[in-house]
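Structural characterization, general
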2 protein chains.
Amino acid sequence: MRKISIPPIAITLIIVVLAGLVVGLLLFINNQPAPTRGVPPLAVIEAMEPVSEKWGVNFPNQYSTLLRTKTNNVRTAFGGSEKVDKLAVDPMLVELFAGYPFSKGYEEDRGHLWSLEDVRTTPRLNDKTPGTCYSCKSSDNPRLWAEMGMAAYDAMKFTELSPEIEQPIGCANCHEANTMRLIVTNPALEEALAAQGKDWKTFTRQEMRSVVCANCHVEYYFKGDGKYLTFPWEGGVTIEAIEKYYDQVAFSDWEHPESGAKLIKMQHPDYELFSAGSTHYNAGVACADCHMPYTRDGAAKFSTHDVKSPLIEPGKSCGTCHTDVAYVTERVNTIQQQVNTTMLNAEKAIIDAIQAIKLAGEQPGSDQALLEEARALHRSAQLRWDFIAAENSMGFHNPEEALRILATATDFARQAQTKAIQSMALGSTAKN
Amino acid sequence: MRKISIPPIAITLIIVVLAGLVVGLLLFINNQPAPTRGVPPLAVIEAMEPVSEKWGVNFPNQYSTLLRTKTNNVRTAFGGSEKVDKLAVDPMLVELFAGYPFSKGYEEDRGHLWSLEDVRTTPRLNDKTPGTCYSCKSSDNPRLWAEMGMAAYDAMKFTELSPEIEQPIGCANCHEANTMRLIVTNPALEEALAAQGKDWKTFTRQEMRSVVCANCHVEYYFKGDGKYLTFPWEGGVTIEAIEKYYDQVAFSDWEHPESGAKLIKMQHPDYELFSAGSTHYNAGVACADCHMPYTRDGAAKFSTHDVKSPLIEPGKSCGTCHTDVAYVTERVNTIQQQVNTTMLNAEKAIIDAIQAIKLAGEQPGSDQALLEEARALHRSAQLRWDFIAAENSMGFHNPEEALRILATATDFARQAQTKAIQSMALGSTAKN
């Protein structure tokens, strides 16, 4: 082979050019703009972050639909998100709740983002209102419960707790930060499930899509002087099991000033009525399937977070399973009318009972044993009626169960009325 | 062209052979055996032929399944085709029907082919029983109604009519001979539909698959001295419309001997409860879809004629539309239990009312106006309760409507009780 002689200057030149290229390429790479397409990296969210807006950076669709719970005020036949005065719509409620704050103010519950404003402006508030009343109203709660424990939280007065609470219901009430896993955040729910031998951590995702609603949409009471938030579920979630529990612990919210019956105000037992054997629950449908149906925005598909009546967008809510949406919504309408009629008859019966017991109580000769029976029946009737009245679906969460309960409520109320009248008759006979 | 000369004997031979072939072929054709495969020709059935066996020659599958209504006695939770004594199962019925033949004998209704035997052996029969009682019991009826007219039929005594009636319920009750078209055969049904401005001849086949059941499975009464069979449907088929009709014509079946209330025995208003807005009716389901589902026998597919509870073969009945048969049958079970519980509570309430009215009626001082109100309420309560109790589905034909009606029945019964007690108290006060 022939040797090729290269002058050193040429070699130097080659090296310089190559080194220049390396530097140039490195500079080029380093100066590339950040990617402008694809999924932006997730912002890190603090555990139990109360501010939903921060979570919204990562989940703009869910957050922007949550915002609609403040503006979406479409009214259905029996619900909506407006400040409707229930006492004006149905004046019988004033007598039914006489002696209890609900006779002073009872407004339609509004969307999730109204929760804090509404609880702070209700005329039901007074100096004695416990902090426990905040339990379902704020995404600050998971953090506060973790920091101070629920017992300390519940032992505070409402006004004492107010400075700690800034946010309405939000992401942190149902989700674990960053994993976005659905979680039980309300210690009272965890305890109530445990009392039934259930551990929510073993639940399927579909079960969790109902159970997180039970963080709030349940019947509860404030136990003891510490006003400890407690769900009366030890024996189950049927009205009979709940009544039995309350009778055993001898609990009542107040004494009706006219009948003298020791009564219980039911809260919003949506989860109980729904899960006590309703056809949708038994078929595996979750609360979120109907109230937060999957929805699209462009290419994105997500569970809408403007939690509302399925009757507002039945195509999305009912239409996922039912092909004939017009048919099923008409069916809901029929059932709600049937329940409403039966519910109003129960109210009339309870009011007749109250008036009869009042009259009998005013007669000195009335038979006291019969009067006490009448008062016990008033209690049984009213907690049944209110279980359906306070519930948010006008019976649709479990139509046959709702009607069965209302039939019993009316029966007990009329029996209470009869006992009261008998107590007078017997007193009168004894007098004679 | 060359001429061919054929001898005449040859021509004759050709003609003879051809003629022989023609005769032979004609004989061959004439002697073919009758076809031995394919559909045999239909036997001609006389119009309104009462004997179902004759129709069975043409429709062996339908006929052989009809025969099973005599042998198929599978019992469900609330029904069956056995001689179950309802008065023994639920002794409250004896008091509810006191003074009326149903307190003497009230047996479970059995399959169609038992109809004649059962109506002739019921202890409810007496010398006054009108022929009208045969109206739903025999396939002789269409012929008899055509021959003598329904008015003449109804004017006869039961025992007078007996020799004319030989067949139980059969083909002629619902079908036109030869065309097999579904037809309304009971003149009372035709008249009841006409009173609502409806002409059954304009109905679709699917509508007819329910309406033919209304030939019998309805509430009816015997109008006037002629005991003219009449359905109380002028204002519609809801219980409120039926009550209004009976009040307007001031009809009652009997006076309760203890309460003095003028009562109505409901028959078997299956069609009314089902068609008054039930979800299955509204969805276009016919009676026959569930009670006579399409079934197979080899290559044949036909509506089974062993009319029975859909719970006996839910796969055929429910499974045509519902994929999860185990789920829907459990659902039926739940609903029937709910209705049964509520129904028994209504019975207790009515019995309490009867006893209170009886007691008040025995006190000379009782307020008579209040007592009359109590009796009117007893009537309203009992016809509602019996509308559901006499109906054959334990409420399942229309669950929410059944529970709504029972709730009202209980309400009215307890109000009746209260009025009765008040009538005594008022009488007592007046006396003082």
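All figures in this text were calculated on a predicted structure; none of them were measured in a lab.

Residues and elements named next belong to chain B. Two numbers describe how helix α17 (residues 325-362) lies on helix α18 (residues 368-389): the axes approach to 10 Å, and their chain directions differ by 155°. One element, α17, and the other, α18, form an angle in the roughly antiparallel class. For the element pair α17 and α18, the recorded crossing hand is left-handed. Along its contact with α17, which presents Val339, Met343, Ala346, Glu347, Ile350, Ile354, Ile357, Ala360 and Gly361, the element α18 presents Leu371, Ala374, Arg375, His378, Ala381, Gln382, Trp385, Ile388 and Ala389. Looking at side-chain class alone, the contact of α17 with α18 contains 13 nonpolar, three polar and two charged residues.

Our focus in this paragraph is the nonpolar core. Grouped together as the largest cluster of nonpolar side chains are 82 residues, with contacts concentrated most on Met266(A), Trp385(A), Met266(B) and Trp385(B). If we skip the residues at most four places from it in the chain, Met266(B) touches Glu219(B), Ile239(B), Ile242(B), Tyr246(B), Leu383(B), Asp386(B), Phe387(B) and Ala390(B). Counting 32 residues, the second largest nonpolar core, distinct from the first, contains Leu144(B), Phe158(B), Ile165(B) and Val237(B).

Residue and element names in this part refer to chain A. Along the polypeptide, Leu87 turns up in helix α4 (residues 86-89). Distance from Leu87 to Glu107, taken between C-alpha atoms, is 7.7 Å for residues 20 residues apart in sequence. Ignoring anything within four residues of it in the chain, the contact list for Leu87 reads Leu93, Val94, Phe102, Ser103, Lys104, Gly105 and Tyr106.

Moving on to the packing of aromatic side chains. What the rule picks out here adds up to 36 aromatic pairs over all chains. Seen in terms of ring centroids, Tyr100(A) and Phe102(A) are 6.0 Å apart; in terms of plane orientation they differ by 15°. Their pairing is stacked. For the pair shown, Tyr100(A) and Phe102(A) are each scored as buried. On the numbers, 5.8 Å between centres and 75° between planes, the contact of Tyr245(B) with Tyr246(B) is edge-to-face. Residues Tyr245(B) and Tyr246(B) agree in their burial class; the two are buried.

Counting residues at the interface gives 30 residues for chain B and 30 residues for chain A. On the chain B side of the contact with chain A, Tyr327(B), Arg331(B) and Glu400(B) bury the most area, a combined 22% of that side's loss. A salt bridge links Arg414(A) to Asp411(B); the shortest N-O distance between them is 2.6 Å. Counting the contacts that link chain B with chain A gives eleven residue pairs in polar contact (both at pLDDT 80 or more). Counting residues per element, the ones that place at least two in the side of chain B that touches chain A are α14 (279-282), α17 and α19 (399-431) of chain B. Here the side of chain B that touches chain A gets 15 residues from one element, more than from any other, and that element is α19(B).

What follows covers the side chain of Asn186(B). Residues and elements named next belong to chain B. Note that Asn186 resides in the loop between α9 (158-161) and α10 (187-195). A distance of 3.0 Å separates a polar atom in the side chain of Asn186 from the backbone nitrogen of Ala188. In this view, Asn186 contacts Trp145, Met150, Asn215, Leu229 and Phe231; residues no more than four positions away in its chain are not counted.

Moving on to the side chain of Ser317(A). Residue and element names in this part refer to chain A. By the secondary structure assignment, Ser317 is in helix α16 (residues 314-317). For Ser317, a relative accessible area of 8% translates into the label buried. Not counting the four nearest positions on each side in its chain, Ser317 is found in contact with Asp289, Cys290, Pro293 and Pro310.

Turning to the confidence of the model for chain A, a few remarks are in order. Scored by pLDDT, chain A comes out at a mean of 94, with 97% of its residues at no less than 70. Reported confidences for the modelled complex are a pTM of 0.88 and an ipTM of 0.85.

Here we take up the relation of the copies chain B and chain A. Rotating chain B by 179° about the axis while translating it 0.2 Å along that axis superimposes it on chain A, leaving an RMSD of 0.7 Å. The transformation relating the two chain copies, once decomposed into turn and shift, fits a two-fold axis. When C-alpha distances to the rotation axis are compared across chain B, the minimum falls at Ala407(B), with a value of 2.2 Å. Most of the interface of chain B is mirrored in chain A: 100% of its interface residues are interface residues there too.

As a further point, take the packing of helix α12 (residues 239-248) of chain B against α18(B). Residues and elements named next belong to chain B. For the pair α12 and α18, interaxial distance at closest approach is 11 Å and the crossing angle is 135°. Relative to α18, α12 is oriented oblique. The interaxial crossing formed by α12 with α18 has right-handed handedness. In this structure, α12 uses Ile239, Glu240, Ile242, Glu243, Tyr246 and Asp247 to contact α18, whose residues at the interface are Arg379, Ser380, Leu383, Arg384 and Phe387. Grouping the constituent residues of the contact of α12 with α18 by class yields five nonpolar, one polar and five charged.

It is worth spelling out unusual backbone geometry at this point. Unusually for a residue other than glycine, Asn178(A) sits at a positive phi of about 70°. Position of Asn178(A) among the secondary structure elements: in the loop between α9 (158-161) and α10 (187-195).

Next up on the list: a nonpolar patch on the surface. Residues Leu13(A), Ile14(A), Val17(A), Leu18(A) and Leu21(A) make up a contiguous nonpolar surface patch of roughly 490 Å² in combined accessible area. With respect to the helices and strands, Ile14(A) occurs in helix α1 (residues 8-30).

To continue, consider the pattern of salt bridges. Applying the stated criterion across every chain, the model contains 48 salt bridges over all chains. For Arg110(B), the salt bridge is made with Asp118(B), and the minimal N-O distance between the two is 2.7 Å. Grouping residues by exposure puts Arg110(B) and Asp118(B) together as buried. Here the salt bridges do not stand alone but share partners, grouping Arg68(A), Asp306(A), Lys308(A), Glu313(A) and Lys316(A) into one network.

Rules and cut-offs
Residues numbered from 1 in each chain as written. Chains lettered and ligands numbered in written order. Predicted model: local features only at pLDDT ≥ 70, side-chain atom pairs only at ≥ 80, totals over all residues. Heavy atoms only, no water. Axes fitted to C-alpha atoms, helices over the stretch in contact; angles between N-to-C directions. Helix = DSSP H or I, 4+ residues; strand = E, 2+ residues; numbered from the N terminus. Parallel < 35°, antiparallel > 145°, perpendicular 65-115°, else oblique. Left-handed = near helix turned anticlockwise from the far one by under 90°. Contact = heavy atoms within 4.5 Å. Nonpolar A, V, L, I, M, F, W, Y, C, P; charged D, E, K, R; others polar. Core = buried A, V, L, I, M, F, W, Y, C linked by side-chain atoms within 4.5 Å. Buried < 20%, exposed > 50% of the residue type's maximum accessible area, 1.4 Å probe, protein only. Phe/Tyr/Trp six-rings, centres within 6.5 Å; stacked < 30°, edge-to-face > 60°. Buried area = accessible area lost by both parts, 1.4 Å probe. Salt bridge = Lys/Arg side-chain N within 4 Å of Asp/Glu carboxyl O. Polar contact = N/O pair within 3.5 Å; in protein donor to acceptor, adjacent residues only side chain to side chain. pLDDT = per-residue confidence, 0-100. Least-squares fit on C-alpha atoms with pLDDT ≥ 70 in both. Patch = residues over 30% accessible without salt bridge, like charges linked within 9 Å, V, L, I, M, F, W, Y side chains within 5 Å. Areas by Shrake-Rupley, 256 points an atom, 1.4 Å probe, with all protein chains shown as cover.

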